[in-house]
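Here is how the chains run, residue by residue.
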Amino acid sequence: MMKKMSISTSKTSLVLFLCQIISALDVPLDLSQPPTITQQSPKDYIVDPRENIVIQCEAKGKPPPSFSWTRNGTHFDIDKDAQVTMKPNSGTLVINIMNGGKAEAYEGVYQCTARNERGAAISNNIVVRPSRSPLWTKEKLEPNHVREGDSLVLHCRPPVGLPPPIIFWMDNAFQRLPQSERVSQGLNGDLYFSNVQPEDTREDYICYARFNHTQTIQQKQPISVKVFSMDSLNDTIAANLSDTDIFGAKPVTERQPVLLTPTGSTSTKVELRGNVLLLECIAAGLPTPVIRWIKEGGELPANRTFFENFKKTLKIIDVSEADSGNYKCIARNALGSVHHVISVTVKAAPYWITAPRNLVLSPGEDGTLICRANGNPKPSISWLANGVPIAIAPEDPSRKVDGDTIIFSHVQERSSAVYQCNASNEYGYLLANAFVNVLAEPPRILTPANKLYQVIADSPALLDCAYFGSPKPEIEWFKGVKGSILRGNEYVFHDNGTLEIPVAQKNNAGTYTCVARNKLGKIQNEVQLEIKDPTMIIKQPEYKVIQRYGQVSFECIIKHDSTLLPTVTWLKDNDELPDDERFLVGKDNLTIMNVTDKDDGTYTCIVNTTLDSVSASAVLTVVARPNPPFDLELTGQLERSIDLSWLPGDENNSPITSFVIEFEDALHEPGVWRYQTEVPGSQTTAQLKLSPYVNYSFRVIAVNRIGRSQPSEPSEQYLTKSASPDENPANVQGIGSEPDNLVITWEPLKGFQSNGPGLQYKVSWRQKDVDDEWTSVIVANVSKYIVSGTPTFVPYEVKVQALNDLGYAPEPSEVIGHSGEDLPMVAPGNVQVHVINSTLAKVHWDPVPLKSVRGHLQGYKVYYWKVQSLSRRSRRHVEKKILTFRGNKTFGMLPGLEPYSSYKLNVRVVNGKGEGPASPDKVFKTPEGVPSSPSFLKITNPTLDSLTLEWGSPTHPNGVLTSYTLKFQPINNTHELGPLVEIRIPANESSLILKNLNYSTRYKFYFNAQTSVGSGSQITEEAVTIMDEVQPLYPRIRNVTTAAAETYANISWEYEGPDHANFYVEYGVAGSKEDWKKEIVNGSRSFFVLKGLTPGTAYKVRVGAEGLSGFRSSEDVFETGPAMASRQVDIATQGWFIGLMCAVALLILILLIVCFIRRNKGGKYPVKEKEDAHADPEIQPMKEDDGTFGEYSDAEDHKPLKKGSRTPSDRTVKKEDSDDSLVDYGEGVNGQFNEDGSFIGQYSGKKEKEPAEGNESSEAPSPVNAMNSFV
């Protein structure tokens, strides 16, 4: 369905090449040359008499030519006529008609002569005639009275105008009269009726003539036509007819064809070569004849033959002599045929075979002018020199005339002249000017220097070298500056100097040099050739089928030369896209939104560059559900059937697959439409089966691949007659609801199934296998009847028969039912249990007698429950389980039992009423099984070479535990497992110390329990022995605390583990399923400030250490403060606070100086010593630039103030070392943090086990630390 089109550059190049050939013969205007006529009016020049007459005559030459005119063969002196002027530097005449002149006065034959010192050129004979649009001659038109079925011709006879007018027929309302095979207009303008009908009666048949040249329309008087039928002839009409006419009048009868035009059996037609041949045949007859055309002894020319006017006109365009012959038209109807033969002769006005061309010669050269023409009859050739017949022109010894050729030998400069060739016959003439210009000129190259040519690869490249010189220069081409001359089949060298590379490739790119030389000199020119990659559509639009109101997209992905700028244009059906916002043109696609039916069509992507153009097309088919059928009609009405026909609606480009017919019963279910039948989509009629006593209406729904149409309009109603029912109720059943009744139910007939009024049911029953008579009762239109006083669960034969006011339905079939059930009376006996394994047992029982079931046996139910576990001797809540075994089974399996347990069970029979009595409880026990895994396994107290294991007994021992099995093996750094060690442990143990282990080694443990049956599932755990006694066994992050403000929170924690841990903080909105956000902590400090939080929001937070997979703290939840109307004032920016801090700093400085003096004197300052003894390594000095906490470093340039004050190597801060950690500060009630992490508020320490609200510290705060907190 996809079309592809490519606009080739070769045609464009060919046109340019032809233009180059013509231009190469032009003499440069700076050189002397005879005149050349460049523009002139047409030979037959019809002018508007209301406007000025402009007769064109333009010429070029060097020196510029002068102009003169002849009129009707004599000199036309324009200076003597004030109405006539000649345009400056031109020979064009302007005759002023609008200022009083009359166009008729200037009617005649005009000829222009352009002359200079080198010759004279003349124009064609220009026949000037003013157009004419005369009025219609007045005539008295009699009304046309014609009998129905007769033929009629209404004559137009338009006035003779110049040029001839265009004829058309209209009525008084200026509406064109409708035409058809029966009524049509002939080539002469007459209106032909093959046969008239009563609807042809009217009084305003008006013929109009439009004269295009003067833009006027002339109107003929209206013509009246009255058509009579024989049935309508009355006495008034009879009075106007002769007795003979009345006697000869007959009813309308069919008539065989008769030709109205042309008349006779043959005619002739002459047409000129190149014109349009029009042949016409119009016939009368009833029925209307059909016209057919043939050419005797040949075929009508293909591609040039057209039929018009309902095939009454044969049109052949651009006729030639080969179209001469006999053309036959045949008019045929059911009664016969008639034909006419038109003999066509094609004549020809003169036409050129070889027109004379300008000749440029150098002194002493030879040359020829050739003038050859053809025509029918053969035209005669005559020569003129400078507008004078050559026979009386001045002698030229270098000139010799030989029929249609003039031969020049050893020309001299005086031989320059303009020669005219005239070829004429009775149908016209041709006149051509050709000059002979004798010049001596060195070569010139007219093509601009360094001209750049760009062509597409694999296309022809035409490099121009327009030149001039006399004698004619020789042209040579070179590639490159010093390349060799180009030769060979790879190139084509044209006479006009053009170099053609038929198939240009990338290696053809470069510089080309054109050299022109003659005996007077030499010249060269360089041009550049670039080869571009072709533009291609690599992803073309594809055929699309889309549903109405959907969205569709066409792709058009292109590949092009990087130096060319492509433009992409989309067309619909070869026209511009509709101006509609639904059409979205993207970079490489076209998208149509909300597609409608009018978007159907062919979409074309056209890619244009300056050098080439490519296109690709695809068809869009818009499909939709079909339109509803219409024009429903009921025919063939019978009591039980009817025929329905309809017309299908538009299928909307998706074929209709079927029609669904529905009906409405207006008598019983008005407004409810029910399915009647379905027929194939190719069918538009259906015979429908009907039921009695139904008031039918039908509607039709069309179905295609897209869906179902809207329903059609309902058909007319059709009421069928009443009848007795055809069928009985369905689904008759007899089921008792109580032990002493029988409930008989059925599905009532629908309204249209009743077949008549008074629908009732006859219900009959009798006990089966008992010699009883039927008991019957007639009930109303209900759906059940209850029979009381029946024995319990006894089979009955039941039947239900429909009846109405017109009779009974056919005899119904019988069904077997039962009276009501009662509970079973007997429990199953001989219940036995066979224990298969610790979780499965099989139970057997004897079936109960069927009579004791007192109903439909549905099966047996086994109730079983666990009494106690034999291993624990503990009772628990009894939960009974039930298994149902359908049918008359006498055994069943009990799965899912618990090992080493005591169970009880009983069995009961089940019928439709319920369960019978239970059998006596049967006790059974299950044997031991394997235990479940131990409830837990903990590994504690790691040392250099030992680990302590603690475990819990299995939740489900499933027997008596005999022992535990422990297996363990080391794991190295590459996660490879070492040798496996197995230890058997008594069942009464709950812990074990493993000794003689390797230090700093990870071990994997496997632990399970055993009973006498076997081993249970195992539990696994891993643990690591320590490296030395100081290092803690486990990395641990604990005591994560938060202090939250409006938009930030300070997170602090305690860490126990290896040195140099890199921490991170993860946080997120509490209760959210979003991923945790992660922030890296700078260095190994144990606090972090979260910024950019949302006020009044609950957050979750946890802390982890990099490099320790899965090692992180437990989660903590905090809530930011509510948003304030204005931000809280930062106390650190208040003037009074800054002053206070300065005073405190000064006081501390004085104290330090005093302390320093006393120390030098040998005294001690107890406060300072206490600070040194309790220095907290986690509180680091502040950075001077931003006030944030500096990172801790063990580098030598950050030595502690006092030897021995460094933290242990594991970075563990022991509680006894300091109670003033930042973690404890963060838990103060009044503590707040600024956004830069600095702490404000009351400075308070908190011991680990003191209440959170305590604000006292066991030690006085260090002044230095206090300063660090406030900075």
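You'll find the structure just up there.
Chemist: So, the overall build of the protein chain: which residues are in play, and what are the values?
Modeler: Scanning the protein chain from terminus to terminus reveals eight helices and 95 strands. Evaluated residue by residue, the protein chain yields a buried proportion of 42% over its 1271 residues. Restricting the contact set of the protein chain to residue pairs at least 6 apart, pairs at least 24 apart contribute 65%.

Chemist: Pulling in residues and values, what's your account of the state of the cysteines?
Modeler: Tallied over the entire structure, the rule returns six disulfides. Shown here is the disulfide that connects C57 with C112, its sulfur atoms set 2.0 Å apart. Measuring the twist about the S-S bond at about -70 degrees, one finds the C57-C112 disulfide to be left-handed. Of this pair, C57 sits in strand β5 (residues 57-62) while C112 is found in strand β10 (residues 108-116), placing the two residues 55 residues apart along the sequence. The residues C57 and C112 share a single accessibility class, namely buried. Disulfide partner of C371: C421, at an S-S distance of 1.6 Å. Here C371 and C421 share a disulfide; its torsion about the S-S bond, -65 degrees, makes the bridge left-handed. One end of the pair, C371, is in the loop between β31 (367-370) and β32 (372-376); the other, C421, is in strand β37 (residues 417-425), with 50 residues separating them in the sequence. There is no split in this pair, since C371 and C421 are both buried. For the protein chain, the bonded cysteines pair up as 1-2, 3-4, 5-6, 7-8, 9-10, 11-12 when numbered in the order they occur along the sequence.

Chemist: Please give an account of the sheet that holds strand β9 (residues 93-95) that cites residues and values.
Modeler: Here we have three strands laid out as an open sheet, ordered β4-β9-β8, and antiparallel in their pairing. Either end of the sheet is taken by a strand with one partner, and the two such strands are β4 (53-55) and β8 (84-86). Each strand of the sheet is rotated relative to its neighbour by a mean of 20 degrees, with strand direction disregarded.

Chemist: Could you give an account of the sheet that holds strand β74 (residues 841-846), with specific residues and numbers?
Modeler: A sheet is described by the order of its strands in space; here three strands give the open sequence β73-β74-β77, paired in antiparallel fashion. A single partner strand is all that each edge strand has here, and the edge strands are β73 (829-835) and β77 (891-894). For this sheet, the mean inter-axis angle between neighbouring strands, taken without regard to orientation, is 20 degrees. Pairing analysis gives four bridges linking β74 to β77, with the strands arranged antiparallel. Looking across to β77, one finds that A841 is bridged to L894.

Chemist: Explain the pairing of strand β6 (residues 66-71) to me, and be specific about the residues and the numbers.
Modeler: Successive residues of a regular strand alternate their side chains across the two faces of the sheet. Pairing between β6 and β10: six bridges, direction antiparallel. Across the sheet, residue F67 finds its bridge partner in β10, namely A114. As judged from the two bridges shared by β6 and strand β7 (residues 74-75), these two strands associate in the antiparallel manner. Paired with T70 across the two strands is H75, which belongs to β7. The hairpin formed by β6 and β7 contains two residues between the paired strands, and N72 there has a positive phi angle of roughly 55 degrees.

Chemist: Requested: an account of the pairing of strand β38 (residues 428-438), with residues and values cited.
Modeler: A large share of β38 lies buried, amounting to eight of its 11 residues. Note that strand β30 (residues 359-361) and β38 share three bridges and pair parallel. Looking at the pairing, L359 lines up with V436 of β38. Bridge count for β37 against β38 is nine bridges, and the pairing is antiparallel. Pairing of S424 across the sheet is with Y429, part of β38. The turn joining β37 and β38, which pair antiparallel and follow one another in sequence, is formed by two residues.

Chemist: Lay out the nonpolar core in plain terms, naming residues and giving numbers.
Modeler: Counting 29 residues, the largest nonpolar core has I53, I55, W69, I95, Y110 and V128 as its most contacted members. With three residues, the top contributor of residues to this core is β10. In terms of nonpolar packing, the next biggest core, distinct from the first, is built from 20 residues, F663, V679, A702 and Y718 among them.

Cut-offs applied
- Residues numbered from 1 in each chain as written.
- Predicted model: local features only at pLDDT ≥ 70, side-chain atom pairs only at ≥ 80, totals over all residues.
- Heavy atoms only, no water.
- Helix = DSSP H or I, 4+ residues; strand = E, 2+ residues; numbered from the N terminus.
- Buried < 20%, exposed > 50% of the residue type's maximum accessible area, 1.4 Å probe, protein only.
- Contact = heavy atoms within 4.5 Å.
- Disulfide = S-S within 2.5 Å.
- Pairing = 2+ DSSP bridges.
- Axes fitted to C-alpha atoms, helices over the stretch in contact; angles between N-to-C directions.
- Core = buried A, V, L, I, M, F, W, Y, C linked by side-chain atoms within 4.5 Å.

Just distances and angles here, no functional claims.
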